[in-house]
Amino acid sequence: MLFVGVKIKMPLSDTRLLIEIICIALAGGVIGLDRTALGQFMISQPIVAGPLVGWMLGDISAGLVIGALLELIWVLDIPVGTFVPADATIVAISATAISILGSAGGARSELVGFSLLLTTGMVQPTMMVDQFIRKRNARFAESASSAAGDDIDQAISRAHLSGLAVFFLKSFVLCLFFIPVGLIAVMVFEKMPAFTHRAMALFIKLLPYLGAALVVRKLSIRKLEWFFLAGFIVAASLTLVFHVRALIIVVLVAAMGFLKVRYSE
Amino acid sequence: MGNDEHMIRKSDLIKVFLRSLLIQASWSFERMQSLGFVFAIQPVLKRLYPDQEEYRSRVRLHQEYFNTQPYLAAFILGAVAKIEQERVFGRNGDGNVSGMKSALMAPLGALGDSFFWGALMPLAAVIAVALLITGAWWAPLLFLVLFNIWHVGLRVAVFVWGFRSAGDAVALMTQYRFTIMAKRFKAVSLAVVGGTIGLASTWRQELKLALFRPGMINTAVALILTLALVAVLRRGGSPVKLMLGLAALCLALAYAGVV
């Protein structure tokens with residue numbers, strides 16, 4: 001950096017970290033567009049956004065784990081009517097970035113667990129900011145309505161596409177805020193007693209069960225819990241007794257579920 | 001009355017479809033997708049109404065309140081394009097395009113939310129998570145393929161159907177049977193989630209809760225843990241509260257030296 005002819009040398013790691021945070025926030029802004037404003041091809045879902053950011057930061061494994069767990073937990077938090085769900089995209093991107101940037105050489109299990117715990121503090125702010133933006137977006141429709149004469153096309157396009165910039169900025173700014181705050185929290189966590197680290201390593205192992213329970217609870221219609229138990233029995237038997245590969249089991253269970261519901265219709 | 005020069009072309013419909021991908025770019029609580037709708041339909045209106053006064057009048061009409069499931073909005077866009085064309089060629093009086101939009105947006109919204117968000121997305125997600133959690137790094141790609149084959153295929157199909165049928169939603173629902181498909185997808189999702197728990201002994205190392213040596217006991221514990229959490233959820237509680245509760249439990253166990 002240069003201030004009035006005086007050169008200030010920054011440690012390479014700080015500059016690099018800053019650049020990485022900005023790049024991830026920019027990526028978050030672009031990926032976040034897919035959530036509402038552009039296409040909705042689901043690259044904004046945690047199971048895709050997490051690994052994508054992990055790949056950008058050189059540790060796809062952390063992104064895969066965080067993405068999978070957050071996907072299970074938030075997949076059925078759906079946008080119905082005026083309800084604005086938690087922004088799982090920003091949460092997944094921030095948690096992945098925090099866990100990777102907060103480690104030296106590969107995110108450790110306890111750090112991934114801690115990053116996932118930090119996401120509990122991100123949910124409410126993302127919802128509040130999203131709601132604020134959606135209230136303010138009404139001005140775009142108003143400005144398009146008040147446009148007159150020959151420039152009506154330009155007015156509509158300009159108003160509507162301004163929404164893209166707003167949704168981009170929302171994700172960009174939130175990622176730019178959450179990641180540094182999360183990294184500071186990680187610095188504090190690293191200095192905490194060893195039992196907290198063991199706790200976070202255990203925490204990450206319990207989250208898949210929470211995710212599964214949330215899916216069962218939200219999809220559960222009378223009698224259909226039997227599908228859950230049937231899937232469990234088939235998979236457990238094939239794994240433990242016949243040592244069949246997981247991929248084949250998943251396909252078999254899905255096919256079994258499909259045939260069972262077809263048969264019972 | 002219109003002439004052939006002002007008949008809608010394939011390129012106009014393609015532009016409408018591509019613009020429909022941005023239908024929620026300016027979503028607001030007050031006007032929802034209204035601006036997105038008029039932005040999407042503009043190419044067709046431009047083709048059909050060369051007279052600027054009439055064009056602006058139709059644009060103003062389509063700035064009315066509109067909101068539905070974003071994928072199924074393609075059906076209404078296709079239908080509106082057809083109705084506007086029929087109107088220009090004097091085949092359907094004044095068309096009552098507003099009535100058609102009002103009648104369809106709520107039912108298609110409910111149908112689309114229930115099918116795409118409530119059934120298809122969880123199905124693609126749980127299949128991908130089941131594979132990922134057992135070591136398949138390519139599972140996110142599979143998720144995108146599974147979801148978008150349905151998403152893009154249906155989005156294009158309903159757009160074309162909307163245009164050809166001028167908004168015959170009954171025929172649409174008969175053809176695609178969204179409710180039945182949603183029920184099947186939910187059942188399969190539950191089976192796959194059960195299968196994922198049954199595969200607990202094969203999960204990635206960082207996620208495997210190997211408390212006891214024999215795999216069968218670990219797998220049984222996995223089932224009990226999941227059912228216990230389902231029971232807790234039935235009493236109420238958000239994902240955040242449960243995550244915090246689990247974290248507190250983990251801290252207590254670690255502090256007590258259990259882990």
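Residue indices follow the written sequence of each chain, beginning from 1 at its first position. Labels are handed out in written order, letters beginning with A for the chains and numbers beginning with 1 for the ligands. Note on the predicted model: pLDDT of at least 70 is required for a residue's local features to be given, and 80 or more for side-chain atom pairs to be given and counted; whole-chain, interface and lining totals, by contrast, use all residues. By convention in this description, side-chain values take in all heavy atoms of the structure and omit both hydrogens and water.

1. A short note on the interface of chain B and chain A
For step 1, the next point in the chain: Every residue pair with non-hydrogen atoms within 4.5 Å of one another is taken to be in contact. Contacts between the two partners involve 102 residues from chain B, matched on the other side by 105 residues from chain A.
For step 2, the next point in the chain: Taking both partners together, chain B and chain A bury about 9300 Å²; carbon and sulfur atoms supply 77% of that area.
For step 3, the next point in the chain: Defined in terms of a 1.4 Å probe, buried area is the accessible area two parts forfeit on being brought together, summed over both. Contact with chain A buries area across many residues of chain B, yet F29, L190 and M243 of chain B alone supply 8% of it, more than any other trio.
For step 4, the next point in the chain: Salt bridge, as used here, is a side-chain nitrogen of Lys or Arg placed within 4 Å of a carboxyl oxygen of Asp or Glu. Summed over the shared surface of chain B and chain A, the result is two salt bridges.
For step 5, the next point in the chain: In this structure, E225 of chain A engages R234 of chain B in a salt bridge whose closest nitrogen and oxygen atoms are separated by 3.4 Å.
For step 6, the next point in the chain: For the purposes of these results, a polar contact is taken to be a pair of N or O atoms within 3.5 Å, where, inside protein, one atom must be able to donate a hydrogen and its partner to accept one; residues adjacent in sequence count only when each atom of the pair is a side-chain atom. Between chain B and chain A we count 20 residue pairs in polar contact (both at pLDDT 80 or more) in total.

2. Quick notes on the packing of helix 2 (residues 46-56) of chain A against helix 6 (residues 139-165) of chain B
For step 1, the next point in the chain: Fitted lines through C-alpha atoms serve as axes, helices being fitted only where they are in contact, and the angles separating the N-to-C directions of these axes extend from 0 to 180 degrees. Secondary structure elements follow DSSP: runs of H or I no shorter than four residues count as helices, runs of E no shorter than two count as strands, and numbering proceeds from the N terminus. Helix 6 of chain B packs onto helix 2 of chain A with a crossing angle of 140° between their chain directions and a minimal axis gap of 9 Å. Taken together, helix 2 of chain A and helix 6 of chain B sit at an angle that is classed as oblique. The hand of the helix 2 of chain A/helix 6 of chain B crossing is left-handed. Only P140, F143 and L144 of chain B of helix 6 of chain B make contact with helix 2 of chain A, whose side of the interface consists of I47, V48 and P51 of chain A.
For step 2, the next point in the chain: Class assignment of the residues belonging to the contact of helix 2 of chain A with helix 6 of chain B gives a composition of six nonpolar, no polar and no charged. By the definition adopted for this analysis, an angle is roughly parallel if under 35 degrees, roughly antiparallel if over 145, roughly perpendicular if from 65 to 115, and oblique otherwise. What makes a crossing left-handed is the near helix being turned counterclockwise from the far one by less than a right angle; a clockwise turn instead makes it right-handed. Each residue gets one label: Ala, Val, Leu, Ile, Met, Phe, Trp, Tyr, Cys and Pro are nonpolar, Asp, Glu, Lys and Arg are charged, and the others, such as Gly, are polar.

3. Section: the packing of aromatic side chains
For step 1, the next point in the chain: Aromatic rings from Phe, Tyr and Trp, taking only the six-membered ring of Trp, are treated as a pair when their centres fall within 6.5 Å; an angle between ring planes under 30 degrees marks them as stacked, one over 60 as edge-to-face, and anything in between as tilted. What the rule picks out here adds up to 19 aromatic pairs over all chains.
For step 2, the next point in the chain: Here W150 of chain B and F185 of chain B contribute two aromatic rings whose centre-to-centre distance is 5.2 Å and whose plane-to-plane angle is 85°, an arrangement assigned as edge-to-face. Here W150 of chain B is found in helix 6, whereas its partner F185 of chain B is found in helix 8 (residues 178-198), with 35 residues between them in sequence.
For step 3, the next point in the chain: Burial classes follow relative accessibility: with a 1.4 Å probe on protein chains only, a residue under 20% of its type's maximum area counts as buried, one over 50% as exposed, and anything between as partly exposed. Since its relative accessible area comes to 31%, W150 of chain B is described here as partly exposed.
For step 4, the next point in the chain: Classification of F185 of chain B as buried rests on a relative accessible area of 8%.
For step 5, the next point in the chain: Ring pairs connect the aromatic residues Y71, F115, F116, W117, F143, F147, W150, W161, Y176, F178 and F185 of chain B, which therefore count as one cluster.
For step 6, the next point in the chain: The aromatic ring of W27 of chain B is capped on one face by R134 of chain A, whose charged end is 5.0 Å from the ring centroid.
For step 7, the next point in the chain: Taking NZ or CZ as reference, K82 of chain B lies 5.1 Å from the ring centre of F163 of chain B, over its face. Here, over-ring charges are defined by two tests on the NZ atom of lysine or the CZ atom of arginine: distance to the ring centre within 6 Å, and angle to the ring normal within 35 degrees.

4. A closer look at the nonpolar core
For step 1, the next point in the chain: Core analysis: the biggest nonpolar cluster contains 185 residues, and F203 of chain A together with I76 and F143 of chain B have the highest contact counts within it.
For step 2, the next point in the chain: The biggest single contributor to this core is helix 5 (residues 97-133) of chain B, with 23 residues. What is meant by a nonpolar core is a set of buried Ala, Val, Leu, Ile, Met, Phe, Trp, Tyr and Cys residues, joined one to another through side-chain atoms within 4.5 Å.

5. Here's the deal with the pattern of salt bridges
All names here are of chain B.
For step 1, the next point in the chain: Under the counting rule described, the total for this entry stands at 15 salt bridges over all chains.
For step 2, the next point in the chain: R87 is the salt-bridge partner of E54, the closest N and O atoms lying 3.7 Å from each other. Residue E54 is located in helix 3 (residues 52-61), and its partner R87 is located in helix 4 (residues 73-88); the two are separated by 33 residues in the primary sequence.
For step 3, the next point in the chain: Residue E54 is classed as partly exposed on the basis of its relative accessible area, which comes to 34%.
For step 4, the next point in the chain: We note a salt bridge from E84 to R58, for which the minimum N-O separation is 3.0 Å. Of this pair, E84 sits in helix 4 while R58 sits in helix 3, and the two are 26 residues apart along the sequence. The two residues E84 and R58 agree in class, both being buried.

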